[in-house]
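# Observations on chain architecture
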Amino acid sequence: MESMTSIECFVRSAEAGSFSEAARRLGLTSAAVGKNVARLEASLGVRLFQRSTRSLTLTEAGERFLAEVSGGLAVIQSAVANLASADGQPAGSLKISMGTGFGRTYIVPLLRDFLTRYPAITPDWHFDNRRVDMIAEGFDAAIGGGFELPPGVVARSLSPGHGVLVAAPDYFEHHSQLKSPAELPQHDGIFIRSPQTGRIRPWSLRNQTNEQAPAAMRVRMTMSDPDAACEAAQSGLGIALVSMPNALRYLESGLLKRVLPAWYVDMGTLSLYFPAQKLLPAKTRAFVDYVVEHFRTQNLAKRFSAF
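I will try to describe carefully the structure that is included in this document.

## With respect to the overall build of the protein chain
- Along the backbone of the protein chain there are 10 helices and 13 strands.
- In terms of its C-alpha atoms, the protein chain occupies a principal-axis envelope of roughly 75 × 45 × 35 Å.
- If you take every contact in the protein chain between residues at least 6 apart in sequence, the share linking residues at least 24 apart comes to 74%.
- By element, 51% of the accessible surface of the protein chain is carried by carbon and sulfur atoms, the whole surface being about 15,800 Å².
- Charge-centre separation for the protein chain: the mean point of 32 positive side chains lies 1 Å from the mean point of 28 negative side chains.

Right, dumping it as structure tokens:
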């Protein structure tokens, strides 16, 4: 039976398309990854990759082998990790991706209690507003929303993904009052660009009777971070369109107020994503269950709703 290291080097190289990127993800040198793959090829008696100075592509035999071993590798690694857990408790590095503002506001405060309960887990948390490739980049889980479920990934729903219009409390002392979405073009908008495309998505507002209207404000500025958009709105620079999780602490503290509160944007669902595996690592299961329970006890699904 081939060593787990050689097989994992092969799988990660196939996913990444290069030995160097696979080495970065595995914490090895590029030369070590290449040698492990070469050792595997020699043992199997087949060439798994076509190599050139610029590319690394699977051979037909490599594609068949990847399809047969990649799923089993994840199951074996999970079983080993669970068996190796400290005193039967979840253990190991826990690599999680989440939005910067959301993570700092709602997830980092959970660290102390989470680590008290699971002291053998080592958080490796990445704060980024982009959508990560969970499988290819080796994440155990991710929190986000507004996109289709990628292959090989499952999700636990946390809350509705509602977006709302917000402005400084004294905004309308200096600007004309708003009675309907039709008057939005008279106002400066603070928008958040898509981390995937770099563009402003043309959102549609809706109300509880499912009437719809465009969020057609003048584009005064764009931001890549929701907190920055809220702070710009707090300074009276315009009306910001942000998700409820990002707007909530500003609204509850009185730093911002809702504009056209009967209207909202449906941004999808905020979910906790993790790889679809028959045997989920104990550390990942512990994190998923802990976050889901926290959302339930803190009633965050209701608080994140536009209503």
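And the narrative resumes.
## A word on the pairing of strand β3 (residues 92-98)
- Burial within β3 is extensive, with five of its seven residues counted as buried.
- By the bridge criterion, seven bridges tie β3 to strand β4 (residues 121-127) in an arrangement that is parallel. Its bridge partner being in β4, Ser97 is matched across the sheet by His126.
- Across two bridges, β3 lies against strand β5 (residues 141-145) in parallel orientation. Note on β5: the bridge partner recorded for Ile96 is Ala141.

## What to know about helix α1 (residues 4-16)
- Taking 1.5 Å per residue as the helical rise, α1 with its 13 residues ought to reach 18 Å, and the 18 Å between its terminal C-alpha atoms agrees with that figure.
- Looking at α1, one finds that the buried residues are Ser6, Ile7, Cys9, Phe10, Val11, Arg12 and Ser13.
- Downstream of α1 by a residue or two, Gly17 has a phi angle that is positive, lying close to 80°.

## Here's the deal with the packing of aromatic side chains
- Considering all chains together, one arrives at 12 aromatic pairs under this definition.
- Members of the aromatic cluster, each reached through a chain of ring pairs, are Phe114, Tyr118, Trp125, Phe287 and Tyr290.
- Across the ring face of Phe139, the terminal group of Lys95 is positioned such that the distance to the ring centre comes to 4.6 Å.

## Let's talk about the environment of Gln196
- Checked against the element boundaries, Gln196 lands in the loop between β7 (188-192) and β8 (204-206).
- A C-alpha to C-alpha distance of 29 Å links Gln196 and Cys9, two positions 187 residues apart in sequence.
- Ignoring sequence-local partners within four residues, the contact set of Gln196 consists of Arg130 and Arg131.

The rules we used
- Residues numbered from 1 in each chain as written.
- Predicted model: local features only at pLDDT ≥ 70, side-chain atom pairs only at ≥ 80, totals over all residues.
- Heavy atoms only, no water.
- Helix = DSSP H or I, 4+ residues; strand = E, 2+ residues; numbered from the N terminus.
- Contact = heavy atoms within 4.5 Å.
- Areas by Shrake-Rupley, 256 points an atom, 1.4 Å probe, with all protein chains shown as cover.
- Lys, Arg positive; Asp, Glu negative; His and termini not counted.
- Charge placed at Lys NZ, Arg CZ, Asp CG, Glu CD.
- Buried < 20%, exposed > 50% of the residue type's maximum accessible area, 1.4 Å probe, protein only.
- Pairing = 2+ DSSP bridges.
- Expected span 1.5 Å × (residues − 1).
- Phe/Tyr/Trp six-rings, centres within 6.5 Å; stacked < 30°, edge-to-face > 60°.
- Lys NZ or Arg CZ within 6 Å of the ring centre and 35° of its normal.

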